[in-house]
Amino acid sequence: MIETTILNAAAGDADLHIRAAADVLRRGGLVAFPTETVYGLGADAFSAEAVAKVFEAKGRPPDNPLIVHIADIMYFFEIAETISPIAQKLADKFWPGPLTLVVRHRKQFPSIVVAGLPTVAVRMPKHPIALRLIRLFGRGIVGPSANLSGKPSPTTAQHVYDDLGGKIDIILDAGPTTIGVESTVIDVTTETPVILRLGGLPRMDLESVIGAIVTTREANILQRSPGTRHRHYAPRAPVELVRIGDNEDFAAALARHRGKRIGCILHSLSSHGVMGNLDVIAATIEEYPGLLFESLRALDQRGAEVILVESIPEVGVGEAVMDRLRRAAERA
Ligand code: TXA
Ligand code: MG
């Protein structure tokens, strides 16, 4: 056990805290930091020992590689072996932002970062504190989501503390993240890029720049996406999806679980305060991604024995949200 300090990175003396965090990174320690998507667990990307601590703290399988977070496009040129015109276009258009590019790497990374693969995932987050931390540190930091492996990603400093308190040095707290779902990961090593993970950057936005694009699931190439082999995004309680606005489907699910503590995450449906139900209601669908991981955790904490989630339309970021929900609903 080590002592985990939560530092307020949104207050007046924020820069002092960010400097302290950069020092911890320099000493090979672990710092959780805010990004626009979810909180990340930072460590020196060029230190095998520091990165080993990240895998240890998260309980992450060693075959699941990490994203290297950068603050300047120059780092990308140093890391990537070649940058295709498509990769360049995407970086120009969407960085900083919720997009991760998988490229072939030059050889300088400890193999633990990339799980022995010839490729590396790179992202420039759109969050002033993340960017400041990386700039002060002076080189790339790894940044997996700062949760225990298999748990929902953290969208607040408290979520990070709940999972990793006692295992990491510092949590930089800047309040809830704005997007609430992880970055979109796209492999640009092949002539036709492939989406490895749906995420905060909607598919439509990518397509507006590089044309039609498929996911690994659609192309049936699961092996290229190590992370998707593992169980993910699951709270303790089983999750069940309910069709959008379908009162009968919802009533049937409620009946099926009668007598249990039922957690509900809804936007158009209502359980009309059925006794003992633990409702979370999003006012708008735009609020949904931000609310999702938060609600799954909160309902777990409040002792939900099953969690019913109303589906949302698979448009924009809704596609990534439904992808996460389906995976949460897949019981191992
Ligand atoms: O929004 C995000 O991306 C957050 C924030 C903190 O930046 N980070 C994040 O990292 O979600 P993580 O480690 O939880 O997810 C990284 C995903 C995994 O699915 C992993 O398998 C995939 O990226 N990945 C990493 N390197 C890869 C590579 N070389 N080839 C294919 N997939 C890779
Ligand atoms: Mg993760």
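Residues numbered from 1 in each chain as written. Chains lettered and ligands numbered in written order. Predicted model: local features only at pLDDT ≥ 70, side-chain atom pairs only at ≥ 80, totals over all residues. Heavy atoms only, no water.

**Q** Could you give me a rundown of the sheet that holds strand β11 (residues 214-215), with the residues and numbers involved?
**A** The mixed open sheet is built from 11 strands, whose spatial order is β1-β8-β2-β3-β7-β4-β6-β5-β9-β10-β11. Bordering the open sheet on either side are β1 (5-8) and β11, each of which pairs with just one other strand. Examined bridge by bridge, β1 and strand β8 (residues 170-173) share 4 bridges and lie parallel to one another. Its bridge partner lying in β8, Asn-8 is registered against Asp-173. Packed onto the sheet, helix α1 (residues 14-26) meets β1, β2 (31-33), β3 (40-44), β7 (141-142) and β8 and runs at close to 150 degrees relative to β8. (Pairing = 2+ DSSP bridges. Helix = DSSP H or I, 4+ residues; strand = E, 2+ residues; numbered from the N terminus. Contact = heavy atoms within 4.5 Å. Axes fitted to C-alpha atoms, helices over the stretch in contact; angles between N-to-C directions.)

**Q** Help me get a handle on the packing of aromatic side chains, residues and values and all.
**A** In the structure shown here, the tally under the stated rule is 2 aromatic pairs. Centroid distance Phe-46 to Phe-109: 5.1 Å. Interplanar angle 20 degrees. Geometry classified as stacked. Remark: Phe-109 occurs in the loop between β5 (99-104) and α5 (111-114) and Phe-46 occurs in the loop between β3 and α2 (48-58); sequence separation between them is 63 residues. For the ring pair Phe-76 and Trp-95, a centre distance of 4.9 Å and an interplane angle of 75 degrees mean the geometry is edge-to-face. Of this pair, Phe-76 sits in helix α3 (residues 73-79) while Trp-95 sits in the loop between α4 (85-94) and β5, placing them 19 residues apart in sequence. (Phe/Tyr/Trp six-rings, centres within 6.5 Å; stacked < 30°, edge-to-face > 60°.)

**Q** Residues and numbers for the side chain of His-17, please.
**A** Structurally, His-17 can be placed in helix α1. Residues in contact with His-17, not counting those within four places in the same chain, are Leu-7, Asn-8 and Leu-172.

**Q** Account for the environment of Glu-286, naming residues and giving values.
**A** Tracing the backbone through its elements, the reader meets Glu-286 in the loop between β14 (278-281) and α11 (288-301). Along the backbone, Glu-286 and Val-317 are 31 residues apart, and their C-alpha atoms lie at a distance of 8.4 Å.

**Q** Give me the lowdown on the nonpolar core, citing residues and values where you can.
**A** Core analysis: the largest hydrophobic core is formed by 71 residues, its most contacted members being Leu-133 and Leu-172. With 6 residues, helix α6 (residues 128-137) is the largest single contributor of residues to this core. Not counting residues within four places of it along the chain, the set of residues in contact with Leu-133 comprises Ile-18, Ala-21, Ala-22, Leu-25, Val-31, Phe-33, Ile-141 and Leu-172. Formed by 15 residues, the second largest nonpolar core is a distinct cluster that contains Ile-265, Ile-307, Val-321 and Ala-328. (Core = buried A, V, L, I, M, F, W, Y, C linked by side-chain atoms within 4.5 Å. Buried < 20%, exposed > 50% of the residue type's maximum accessible area, 1.4 Å probe, protein only.)

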